[in-house]
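Structural overview
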Amino acid sequence: PGLDDLRKAVGRLLKRSGPYEAIVKEYIRDIQRALISADVNVRLVFDLTKRIRERALREQPPPGVSRREWLVKVTYDELVKLFGGDDEPEVKPPYTPYVIMMVGVQGSGKTTTVGKLAKFYRSMGYKVGVVAADTYRPGAYEQLRQLADRVGAMFYGEPDSKDPVSIARRGVEELKKRGADIIIVDTAGRHGYGEEEALLKEMQDIAAAVKPDEVMLVIDAAMGQKSYDLAKRFHEATPIGSIVVTKMDGTAKGGGALSAVAATGARIKFIGTGEDVDEFEVFRPRRFVARLLGMGDLESLLERIERLQGVEEFEKTVAEMVAGKITFRVLYRQLEQMRKLGPFRKVLQMIPGFSTMLDSFDEAAKVSEEKMRKWMSIMNSMTYDELDNPELLEQRSRVKRIAIGAGVEVSDVRELYNYYKTVKRMMRQLRKRKDILERFAKMGRL
Ligand code: GDP
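Cut-offs used in this document
Numbering of residues begins from 1 in every chain and follows the order in which that chain's sequence is written. The model is predicted, so local features are restricted to residues of pLDDT at least 70 and side-chain atom pairs to those at 80 or more, both for listing and for counting; the totals for chains, interfaces and linings are taken over all residues. The side-chain numbers reported here are obtained from all heavy atoms of the structure, hydrogens and water having been left aside. Only DSSP runs of H or I with at least four residues qualify as helices, and only runs of E with at least two residues qualify as strands; both kinds are numbered from the N terminus onward. The size measure is the radius of gyration over C-alpha atoms, and the globule rule it meets is 2.2 Å times the number of residues to the 0.38 power. With a 1.4 Å probe rolled over the protein chains alone, any residue whose accessible area is under 20% of its type maximum counts as buried; one over 50% counts as exposed, and the rest are partly exposed. The contact criterion used is simple: two residues touch if any of their non-hydrogen atoms lie within 4.5 Å. Domain limits in this description derive from either an automatic procedure or a database domain assignment. The aromatic pairing rule takes the rings of Phe, Tyr and Trp, using the six-membered ring of Trp, and pairs them if the centres are within 6.5 Å, calling planes under 30 degrees apart stacked, those over 60 edge-to-face and the rest tilted. Think of each axis as a best-fit line through the C-alpha atoms, taken over the contacting stretch in the case of a helix, with angles from 0 to 180 degrees between the N-to-C directions. Small angles under 35 degrees read as roughly parallel and large ones over 145 as roughly antiparallel, with 65 to 115 read as roughly perpendicular and the rest as oblique. Each crossing is labelled by how the near helix is turned from the far one, with a counterclockwise turn of less than a right angle marking it left-handed and a clockwise turn marking it right-handed. Following DSSP output, two strands are said to pair if at least two bridges run between them. A crossover gets the label right-handed when its path from the first strand over the helix to the second runs clockwise, viewed with the strands pointing away from the viewer. For each residue, the test is whether any non-hydrogen atom lies within 4 Å of the molecule or strand; if one does, the residue is near. For this analysis, a polar contact is any N or O atom pair within 3.5 Å, provided that within protein one partner can donate a hydrogen and the other can accept it, and provided that sequence-adjacent residues contribute only side-chain to side-chain pairs. The Shrake-Rupley method, run with a 1.4 Å probe sphere, supplies the accessible areas, and residue values consider only the shown protein chains as cover.

Some points on the overall build of the protein
A tally of regular secondary structure across the protein gives 20 helices and 8 strands. Compactness check: the protein gives a C-alpha radius of gyration of 29 Å against a globular reference of 22 Å for 446 residues, more than 25% above the reference. On the principal axes, the C-alpha backbone points of the protein span a range of 90 × 60 × 30 Å. Across the 446 residues of the protein, 52% fall into the buried class. Within the protein, contacts between residues at least 6 apart in sequence are counted, and of these 74% link residues at least 24 apart.

Quick word on the domain arrangement of the protein
Considered domain by domain, the protein is made up of domain 1 (4-82), domain 2 (98-285) and domain 3 (298-442). Averaged C-alpha coordinates put domain 2 and domain 3 at centres separated by 54 Å.

Points about the packing of aromatic side chains
Per the counting criterion, the structure on display carries 13 aromatic pairs. Their ring planes at 80° and their centres at 5.2 Å tell us that F120 and Y121 sit as a pair that is edge-to-face. Between F120 and F280, the ring centres sit 6.3 Å apart and the planes meet at 80°, which makes this aromatic pair edge-to-face. Remark: F280 occurs in strand β8 (residues 280-282) and F120 occurs in helix α5 (residues 110-123); sequence separation between them is 160 residues. Ring pairs connect the aromatic residues F120, Y121, Y126, F270 and F280, which therefore count as one cluster.

Describing the packing of helix α7 (residues 164-177) against helix α8 (residues 196-210)
Between α7 and α8, the least distance of the axes is 9 Å, while the angle of their chain directions is 25°. Taken together, the axis directions place α7 and α8 in an arrangement best described as roughly parallel. Every pair of crossing elements has a handedness; the one defined by α7 and α8 is right-handed. Facing α7, whose interface residues are P164, V165, A168, R169 and V172, α8 presents E202, D205, I206, A209 and V210.

Let's talk about the pairing of strand β2 (residues 128-133)
With 6 of 6 residues buried, β2 is to be regarded as a mostly interior element. Every second residue of β2 is oriented toward a common face, with V128, V130 and A132 on one face and G129, V131 and A133 on the other, all of them buried. Bridging between β2 and strand β4 (residues 182-187) involves 6 bridges; their strand directions are parallel. In the sheet register, A133 faces β4, and the bridge partner there is T187. Note that the unit made of β2, helix α6 (residues 140-151) and strand β3 (residues 154-156) has a crossover that is right-handed.

What about the site of the ligand?
Taken together, 18 residues surround the ligand, and among them G107, K110, T111, T112 and D249 come closest. Within the backbone of G109, a nitrogen or oxygen atom sits 2.9 Å from an oxygen atom of the ligand. One of the side-chain N or O atoms of D249 is found 2.7 Å from a nitrogen atom in the ligand. Relative to its unbound accessible area of 580 Å², the ligand is 81% covered by the protein chains.

Put into structure tokens, the structure is as follows:
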């Protein structure tokens with residue numbers, strides 16, 4: 001059970017048959033079960049699956065993609081969004097010296113993570129210093145001192161002091177003086193049972209003393225349902241800026257981490273995947289979710305969907321050109337789409353009816369990426385009038401002015417103009433093709 005079940009839910013979905021609504025219903029139930037057994041906060045699960053269900057029932061997949069495949073894509077999108085979106089987290093500090101304060105309960109892997117983080121930033125070329133401000137756990141001082149030594153970080157600690165706030169303050173000051181770019185403060189994770197209030201108060205006091213640039217919450221992937229409340233309470237004490245999820249190697253649960261994200265609004269920056277200092281990675285939402293949903297197949301599905309969406313856009317543009325006037329504006333859009341789609345020949349082969357015309361399209365199909373870029377920059381040098389009325393380029397003075405503006409040869413501008421005339425000719429041919437006109441009409445594009 002756990003997040004692994006998401007993969008099974010997707011597998012089952014793709015095999016199912018029957019009315020779409022029923023399939024969606026069963027699938028949604030499967031995902032809910034998987035997420036809840038993975039310890040994801042229940043409200044979060046319902047919010048997520050509600051969005052998936054709504055999109056699944058409302059959206060039309062691009063032609064060539066089944067509705068069930070689209071459902072998988074929607075699930076992927078929504079999960080990625082939940083985990084922080086398309087981009088990778090920014091791990092480079094925006095300025096130096098930069099103070100990171102670690103918080104989390106004992107045993108979550110906080111001290112280990114301080115070592116991993118120190119090593120990570122060392123390898124990026126930063127001077128790193130660490131401060132041992134956990135005065136409760138026996139051995140924490142020595143553990144961190146040795147870790148710092150191993151990864152080549154400066155170290156500050158006061159083995160005999162019981163005052164974490166002063167240690168933290170003095171440590172940050174001292175390490176700044178010694179030229180550290182990044183200073184990581186390790187803190188306690190426990191005050192003894194039932195003393196959470198005291199722990200949170202201590203975090204507040206340390207934060208007030210060192211004014212961290214970022215508070216990083218360390219959370220054990222296997223922590224489960226408690227993660228949500230815990231993260232929330234830490235967040236209320238010291239606003240959490242980022243999250244590290246540890247022990248990703250040991251559990252299929254990991255849903256607690258997602259709940260922590262939801263409770264704090266912070267994003268996961270790193271994950272720990274083992275006990276060694278090297279077992280540590282920047283968290284990549286897309287890759288993570290792809291893995292959750294069952295890799296290989298999914299990746300090729302996503303690629304196919306993206307390509308088909310591109311083809312759909314392209315067809316829209318062609319339909320527009322068939323129906324109306326061809327301007328440089330439309331050509332610009334067409335070139336943009338072509339660049340995304342890759343080899344034009346292949347694209348045309350994917351559109352029924354078009355493949356038979358490949359020969360007459362050949363000239364246009366061979367336009368290189370480099371040329372497309374050049375032409376786009378030429379069009380950027382045109383006036384609105386010229387963009388709307390390509391025939392104005394019959395005037396030599398205009399061609400010359402545009403060439404100078406774009407920093408290209410006059411022959412380049414002429415070439416683009418000839419391309420325009422070719423496309424115009426192609427569209428005239430297309431207008432005579434009943435099958436293609438019907439196809440566009442059926443798609444509601446004409
Ligand atoms: P702290 O009390 O939060 O400072 O926790 P520690 O850093 O001492 O770690 C507690 C235990 O978890 C140690 O045995 C670590 O080796 C282990 N640990 C930390 N991070 C990871 C991880 O990413 N994967 C695994 N498998 N173990 C980890």
